[in-house]
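One-letter residues, chain by chain:
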Amino acid sequence: MHSLFSWRLTVLALALACVGAQAQVFDLPDNGDTVVGAPQAVTVEAEGNSLLDLARHYGTGFMEMTEANPTVDMWTPDAHARVVVPTQYVLPPKPWQGVVVNIPQRRLFYFLPPKKGQPRQVYTVPLGIAREGWSTPLGETRLVAKIQDPGWTPPDSIKAEHFERDGEVLPNYVPPGEDNPMGMLAFQTGFKSIFIHGTNKPWGLGTRASHGCLHLYPENAAELMKLLPRGVPIRIINQPLMAGVLDGKPVLVSYPIVGEYEQAPPDREQAQALLDALPDNEGRDVDWQRVDAVLAKPTILPLALSPGAPATDQIVESLPVQAYTEPPYGEDANKARVPLRKQ
């Protein structure tokens, strides 16, 4: 089950299914696994692309792409540079219902309602999260309202911060439009002043740029506007270390810690607790050196913990490589509207 050959087939099938995709939709595993997707590898063939272009095309964000490609220049990757696209995800802890946001993962999961005779599915998109000092509340809430063409009234705290940082005075009201920081579509949560919304700076997706809200690519906001019903439950969690099951074997993944939540760095005790909570964990062997590797630094892609299983770098090196030939999005796409390139 862990052969590199089977991984190649899985990745190739996923790649063919997701060409040009923005959001990613996966069937939920029905075999006890808790991981969806597979990593991909591409070479940059069209001149002018940055890793941000690839991130947007494949439905990932800044953090995911930079962590997965530490030796590749973000803005001007070398011609024919081999780029890893980390489109594999450990699903958040159950219950798998409604919307779940994992802040360190910088990702939203929407577990679609079941349809008779069809497998359940999960829809996932990347997020921009709050900058230091403006933490998003954790806990459970609901989608209160879906808003098209929102205006923005900056609170005094944000106006003061902006003036101190940039020496500019924000207006008392920003009307709807493609330059509105709220984007052109917004989802109001039950948490005071917290929205999940588009942005007029989509190149910042995956970074820490908001004042507590959660940012979406404009095209993802448009898709969610169709999918999300009012009242859908929303659960926001802070879990930088996650355990999962892939092909019946345990995996572990870690993401950069968001310091404002004042948690201790993950350790072996926490890893053990997460592994113990996995379904059907009796008799599983774990290589604790691999656990220590995940604890030492963010991995972004899950690492198999079973002794002798292929390590993530082996899997990545064995991936079939696709040529990425899409043209760059261009600076004009850094607006709140859906880019013409993807309409």
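Participant: I'd love a proper account of the packing of aromatic side chains, names of residues and values included.
Facilitator: Going through the model one piece at a time under the given rule, you end up with four aromatic pairs. When the ring of Y58 is compared with that of Y324, the centres are 5.9 Å apart and the planes differ by 45°; the resulting orientation is tilted. In this pair, Y58 sits in helix 2 (residues 51–58) while Y324 sits in strand 19 (residues 321–324), placing the two residues 266 residues apart along the sequence. Of the two residues, Y58 and Y324, neither departs from the other in class, the shared state being buried. When the centroid spacing of 5.7 Å and the interplanar angle of 85° are considered together, the rings of W203 and Y329 count as edge-to-face. Of this pair, W203 sits in the loop between strand 12 (195–197) and strand 13 (208–210) while Y329 sits in the segment after strand 19, placing them 126 residues apart in sequence. Note on accessibility: W203 and Y329 belong to one class, buried. Its guanidinium or amino end placed over the ring of W203, R56 lies 5.4 Å from that ring's centre, counting from NZ or CZ. Above the plane of the ring of W96 lies K94, whose end atom (NZ or CZ) is 4.5 Å from the centre.

Participant: Give me the lowdown on helix 5 (residues 218–227), citing residues and values where you can.
Facilitator: Buried within helix 5 are the following residues: P218, E219, N220, A221, L224 and M225. In this fold, the buried residues of helix 5 make contact with helix 2, strand 7 (107–111), strand 8 (121–126), strand 10 (139–148) and strand 11 (185–189).

Participant: Let's hear about helix 7 (residues 288–296): which residues, and what values?
Facilitator: For helix 7, the full list of buried residues reads R290, V291 and V294. Buried residues along helix 7 cover an arc of 105° about the axis, so they all sit on one side. Residues of helix 7 that are exposed and point over 90 degrees away from its buried face: Q289 and A296. Packed against the buried residues of helix 7 are strand 16 (241–246), strand 17 (249–254), helix 6 (268–276) and strand 18 (303–304). N-capping of helix 7 is provided by D287, with a side-chain oxygen placed 3.0 Å from the backbone N of Q289.

Participant: Please set out the sheet that holds strand 4 (residues 82–85) residue by residue, giving values where relevant.
Facilitator: Within a beta sheet, neighbouring strands are joined by backbone hydrogen bonds and run either parallel or antiparallel to one another. With mixed pairing, three strands are arranged side by side in an open sheet as 4-3-19. Single-partner strands in this sheet number two, and they are strand 4 and strand 19. With direction set aside, neighbouring strand axes in the sheet form an average angle of 40°. Pairing of strand 3 (residues 40–44) with strand 19, which is carried by four bridges, proceeds in the parallel orientation. By the bridge assignment, V42 is partnered in strand 19 with Q322.

Participant: If you had to explain unusual backbone geometry to someone new, which residues and values would you point to?
Facilitator: A cis amide bond links K94 to the next residue, P95, at an omega of 15°. Take P95: it is sitting in the loop between strand 5 (88–90) and strand 6 (98–102). Positive phi outside glycine occurs at D149, with the angle close to 55°. One can find D149 in the loop between strand 10 and helix 4 (156–166).

What counts as what
- Residues numbered from 1 in each chain as written.
- Predicted model: local features only at pLDDT ≥ 70, side-chain atom pairs only at ≥ 80, totals over all residues.
- Heavy atoms only, no water.
- Phe/Tyr/Trp six-rings, centres within 6.5 Å; stacked < 30°, edge-to-face > 60°.
- Helix = DSSP H or I, 4+ residues; strand = E, 2+ residues; numbered from the N terminus.
- Buried < 20%, exposed > 50% of the residue type's maximum accessible area, 1.4 Å probe, protein only.
- Lys NZ or Arg CZ within 6 Å of the ring centre and 35° of its normal.
- Contact = heavy atoms within 4.5 Å.
- Arc of directions from axis to C-beta.
- Polar contact = N/O pair within 3.5 Å; in protein donor to acceptor, adjacent residues only side chain to side chain.
- Pairing = 2+ DSSP bridges.
- Axes fitted to C-alpha atoms, helices over the stretch in contact; angles between N-to-C directions.

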